[in-house]
Amino acid sequence: MSVGKATLPLVAAAGALLGAGAMWAADRGQPSGDIGTEVRAYLLANPEVIPEAMAKLQDRETGKQVAPIRDAIVRPYRGAWAGNPKGDVTVVEYFDYNCGYCRSSLPVIQQLIDRDPQVRVVFRELPILSETSRAAAGVSLAAAAAGPNQYRRFNTALFAAGPVSPATIASAAAAAGIDPARVPADADAEIRRNLEVAGTLSLSGTPSWVVGNRVLSGAQPLDALEAAVKAARAK
């Protein structure tokens, strides 16, 4: 019988649980076979625990990747943040201005901030879809250098304008009250760091999210982000 790719993580999680049971038995001088049988029976009777165990294993492995570069992930570029600047959990979004799913995530982010006053959201430019994405990211960082209010105004205005073009960038810059020609000298370095982090974490596209030790791919519903925040807060 072949095992599909979607099944492999479940098999790994079940194997980890069985292995943990065997180690628990060995530590106590009990026959591992008996404990293994009990664990297997429990898993068969309660298969809903396997996804939970799989999520914990995933978080553990992702945490090993996140830990050495956490500061580069959660420390905002100047004003590129929203919510509580001293929040106990940081939700990081890697995004591209030409990404429709990133655009649709804006109201979800606002709902998250409205519902949880202890959350800080950090926005990270990941211009991977086109050359206009790169140009937009540079001006976006100019808005961030001006402050969080200017950044949010630029961010909201450019997403509302649809596909990115020199005209929509200029219009969003005007809405934010910034000069689009004054791209910060360190903008390229910031974007390069974001691309490097994306490679390290194997981010597959935009939007991608980092919350605590958890990496989420694609547009997320509010409840998924809130669950990730809850898990990070429980650490």
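Residues numbered from 1 in each chain as written. Predicted model: local features only at pLDDT ≥ 70, side-chain atom pairs only at ≥ 80, totals over all residues. Heavy atoms only, no water.

### A few points about the overall build of the chain
Applicable threshold: Counting from the N terminus, the helices are the DSSP runs of H or I reaching at least four residues and the strands are the DSSP runs of E reaching at least two. The cut-offs for exposure are 20% and 50% of the maximum accessible area for each residue type, with area from a 1.4 Å probe on protein chains only; residues under the lower value are buried, those over the upper are exposed, and the others partly exposed. Throughout, a contact is declared for two residues whenever any of their heavy atoms are within 4.5 Å.
Within the chain, the secondary structure is distributed over 10 helices and five strands. For the chain, buried positions account for 42% of its 235 residues. Counting contacts in the chain only where the partners sit at least 6 residues apart, residues at least 24 apart contribute 73% of the total.

### Let's talk about the pairing of strand β5 (residues 214-217)
Defined as follows: At least two DSSP bridges between two strands are required for those strands to pair.
Sheet topology note: the strand β4 (residues 208-211)/β5 ladder contains four bridges and is antiparallel. By the bridge assignment, Ser208 is partnered in β5 with Ser217. In textbook terms, the turn of a hairpin is the stretch between consecutive antiparallel strands, and for β4 and β5 this stretch comprises two residues, one of which, Gly212, has a positive phi near 65°.

### Observations concerning the side chain of Arg120
Quick note on the threshold: Distance and chemistry together define a polar contact, namely a pair of N or O atoms within 3.5 Å, with one atom able to donate a hydrogen and the other to accept it when in protein, and with adjacent residues in sequence counting only for side-chain atoms on both sides.
Its location among the elements puts Arg120 in strand β3 (residues 119-125). At a separation of 3.1 Å, a polar atom in the side chain of Arg120 contacts the side chain of Thr90. With residues near it in sequence (within four places) discarded, Arg120 still touches Val74, Pro76, Ala82, Asn84, Pro85, Gly87, Val89, Thr90 and Val91.

### Comments concerning the nonpolar core
Burial of nonpolar side chains together is a common tendency in soluble globular proteins. Note the cut-off: In these notes, a set of buried Ala, Val, Leu, Ile, Met, Phe, Trp, Tyr and Cys residues joined through side-chain atoms within 4.5 Å is what counts as a nonpolar core.
Grouped together as the largest cluster of nonpolar side chains are 44 residues, with contacts concentrated most on Val91, Tyr97, Tyr151, Phe154, Leu158 and Ile178. Broken down by element, the residue count for this core peaks at seven residues, all from helix α6 (residues 131-146). With residues up to four places along the chain from it excluded, the contact list for Tyr151 reads Gly79, Ala80, Phe95, Tyr97, Phe123, Glu125, Ser140, Ala143 and Ala144. The next biggest cluster of nonpolar side chains, apart from the first, holds 12 residues, and it includes Val92, Val122, Leu126 and Leu203.

### A look at a nonpolar patch on the surface
Basically, it comes down to this: Patch rule: a residue counts if its relative accessible area is over 30% and it has no salt bridge; like charges are joined within 9 Å, and nonpolar side chains (Val, Leu, Ile, Met, Phe, Trp, Tyr) within 5 Å. Computed with a 1.4 Å probe, the accessible areas rest on the Shrake-Rupley method; for each residue, only the protein chains presented here act as cover. Salt bridge, as applied in this entry: a Lys or Arg side-chain nitrogen positioned within 4 Å of an Asp or Glu carboxyl oxygen.
A cluster of nonpolar side chains, contributed by Ile128, Leu129 and Leu195, occupies part of the molecular surface with about 240 Å² of accessible area. On the secondary structure map, Leu129 appears in the loop between β3 and α6. With relative accessibility at 48%, the residue Leu129 sits in the partly exposed group.

### With respect to the sheet that holds strand β2 (residues 89-95)
Strand pairing in a sheet relies on backbone hydrogen bonds. The paired strands run either parallel or antiparallel. Worth spelling out the cut-off: Geometry is summarised by axes, namely lines fitted to C-alpha atoms with helices restricted to the contacting stretch, and by angles between N-to-C directions that run from 0 to 180 degrees.
Spatial strand order, β1-β3-β2-β4-β5: five strands in an open sheet with mixed pairing. A strand with exactly one partner marks an edge of an open sheet, and here the two such strands are β1 (81-83) and β5. Neighbour-to-neighbour, the strand axes of this sheet turn through a mean angle of 20°, independent of strand direction. Relative to β5, helix α10 (residues 222-233) is tilted by about 170°, and along the sheet it contacts β2, β3, β4 and β5.

### Examining the pattern of salt bridges
This structure, assessed with the given rule, holds eight salt bridges. In this structure, Arg124 engages Glu190 in a salt bridge whose closest nitrogen and oxygen atoms are separated by 2.8 Å. Of this pair, Arg124 sits in strand β3 while Glu190 sits in helix α9 (residues 187-200), placing them 66 residues apart in sequence. A residue is classified by how much of its surface remains accessible, and Arg124, at 2% relative accessible area, is buried. Taking the shortest distance from any N to any O, the salt bridge between Arg193 and Glu190 comes out at 3.2 Å. Of this pair, Arg193 and Glu190 both sit in helix α9, separated by three residues, roughly a single helical turn. The class for Arg193 is partly exposed, based on a relative accessible area of 40%.

In short, geometric facts, not functional conclusions.
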